[in-house]
Structure formats: structure tokens, C-alpha cells
Amino acid sequence: MLAKAGAKVTIFDLNEKLGAGKAAELNAHFVAVDVADATAVEAAIQKAQDLNGTARILVNCAGIGPPAKVIDRQGKALALAEFSRIVSINLLGTFNVLSKFAARLHEAKCDDEERGVIINTASVAASMAKSVRRPMQPPKAAWWR
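Residues numbered from 1 in each chain as written. Predicted model: local features only at pLDDT ≥ 70, side-chain atom pairs only at ≥ 80, totals over all residues. Heavy atoms only, no water.

**Digging into helix 3 (residues 80-107)**
What sets the pattern is the α-helix's 3.6 residues per turn: residues three or four places apart point alike.
Point 1. The terminal C-alpha atoms of helix 3, which comprises 28 residues, lie 38 Å apart, in line with the 40 Å expected from a rise of 1.5 Å per residue.
Point 2. L92 marks the point of greatest bend in helix 3, at about 35°.
Point 3. Listed as buried for helix 3 are I86, I89, G93, T94, N96, V97, K100, F101 and L105.
Point 4. Summarising the contacts, the buried residues of helix 3 are in contact with helix 2 (38-52), strand 3 (57-60) and strand 4 (117-120). (Helix = DSSP H or I, 4+ residues; strand = E, 2+ residues; numbered from the N terminus. Expected span 1.5 Å × (residues − 1). Bend = angle between axes of the 7 residues up to and from the residue. Buried < 20%, exposed > 50% of the residue type's maximum accessible area, 1.4 Å probe, protein only. Contact = heavy atoms within 4.5 Å.)

**Section: a nonpolar patch on the surface**
Point 1. Together, M1, L2, I57, V59, V117 and I119 make up a nonpolar patch on the protein surface, roughly 550 Å² of accessible area in all.
Point 2. Every element with two or more residues in the nonpolar patch is listed here: strand 3 and strand 4.
Point 3. Judged by its relative accessible area of 34%, L2 is partly exposed. (Patch = residues over 30% accessible without salt bridge, like charges linked within 9 Å, V, L, I, M, F, W, Y side chains within 5 Å. Areas by Shrake-Rupley, 256 points an atom, 1.4 Å probe, with all protein chains shown as cover. Salt bridge = Lys/Arg side-chain N within 4 Å of Asp/Glu carboxyl O.)

**Examining the layout of surface pockets**
Point 1. Size it by volume and the largest pocket reaches roughly 1,900 Å³.
Point 2. In terms of lining, the largest pocket is formed by 50 residues, of which the most central are T10, I11, F12, V59 and C61.
Point 3. Going through the elements one at a time, strand 1 (10-13), helix 1 (16-26), helix 2, strand 3, helix 3 and helix 4 (123-131) are the ones with two or more residues in the lining of the largest pocket.
Point 4. When residues of the lining of the largest pocket are assigned to their parent elements, the largest contribution, seven residues, is made by helix 3. (1 Å grid on protein atoms, 1.4 Å probe; cavity = no way out; pocket = protein on both sides within 12 Å on 5 of 7 lines; lining within 4 Å. Points joined across faces, edges and corners; volume = space filled by probe spheres on them.)

**Here's the deal with the pattern of salt bridges**
Point 1. Applying the stated criterion across every chain yields a total of three salt bridges.
Point 2. A salt bridge links E25 to K22; the shortest N-O distance between them is 3.2 Å. One end of the pair is E25 and the other is K22, both in helix 1 and three residues apart, which spans about a single turn.
Point 3. By relative accessible area, K22 is classed as partly exposed at 40%.
Point 4. The closest approach of N and O atoms between R85 and E82, which form a salt bridge, is 3.1 Å. Within this pair, R85 and its partner E82 are both found in helix 3, separated by three residues, close to a single helical turn.
Point 5. For R85, a relative accessible area of 42% gives the class partly exposed.
Point 6. We classify E82 as partly exposed; its relative accessible area is 28%.

Set out below in C-alpha cells:
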């Protein structure tokens, strides 16, 4: 949507094949980065800035799925290493990109009071939206009434 509206876009992803492919579709740039690596994220943000100028928009939806259960159907516990990997990417990676981008945005020169915008979403929620077959229905009762 942003690329179609004329924004300069850089996609960050660990998967080079998918990320570069999507970037090519959108006439965007691609930077391979592990979002859970602070140094790699700083370098990726700098590379995106070198390619496109100062970024004003972040759509932050890093994450992996599916979510894991504490135990599987056979009662076997989820390996701590797997849970740690999920948390590292979905939680720490999201925070890492958010905080590094926010720091850059804070320092960015601007002509008015607005420097930019950050949108955080779960990647699982974004992919689930594609599978919804019917429009969302409004709630039967609104809390503000």
C-alpha cells in the first residue's frame, strides 16, 4: 500500500529469497537482517536511510508462527530453546526494531511537529487477516454506550 502510494520502501527480513522477491514486486529495496540482533538492526536502518533518505514510517510486523503450546498432544514439553527463539524474534525483535527506529525518528529534523509514525502489528495477525472470508461484524453492544 505504501509503495503504491509512492513511498520509498525498504523491506527487512531474515529470509533473503522471500524478502528480495517481495521487494522486486514492489519496486522497493531489501535488506537482510535478524531483527533480534541490535547491531544488525542499526546497520539495516542506516542502509535503508542511505537508500531512501530519512525514514518517517515504520510498519513493524516481525514474527514467526505458529505459536507453540506448553506441551504437545503427547504431553511432551516444548523445548525451552524453541520458546526462546519465538520470544527472541516476536517480542525482542519487535522491540529492537521499534526502539532503534524511534531513536532515529527522535533525532530527525522536521518542518512541523510530526516526525513520523510507527505501526506495530503481529505478523500472525497480518497473515490471518488474509484468511478471513467474511467481513468483521460490529459488536452487538458497544462499551461506550
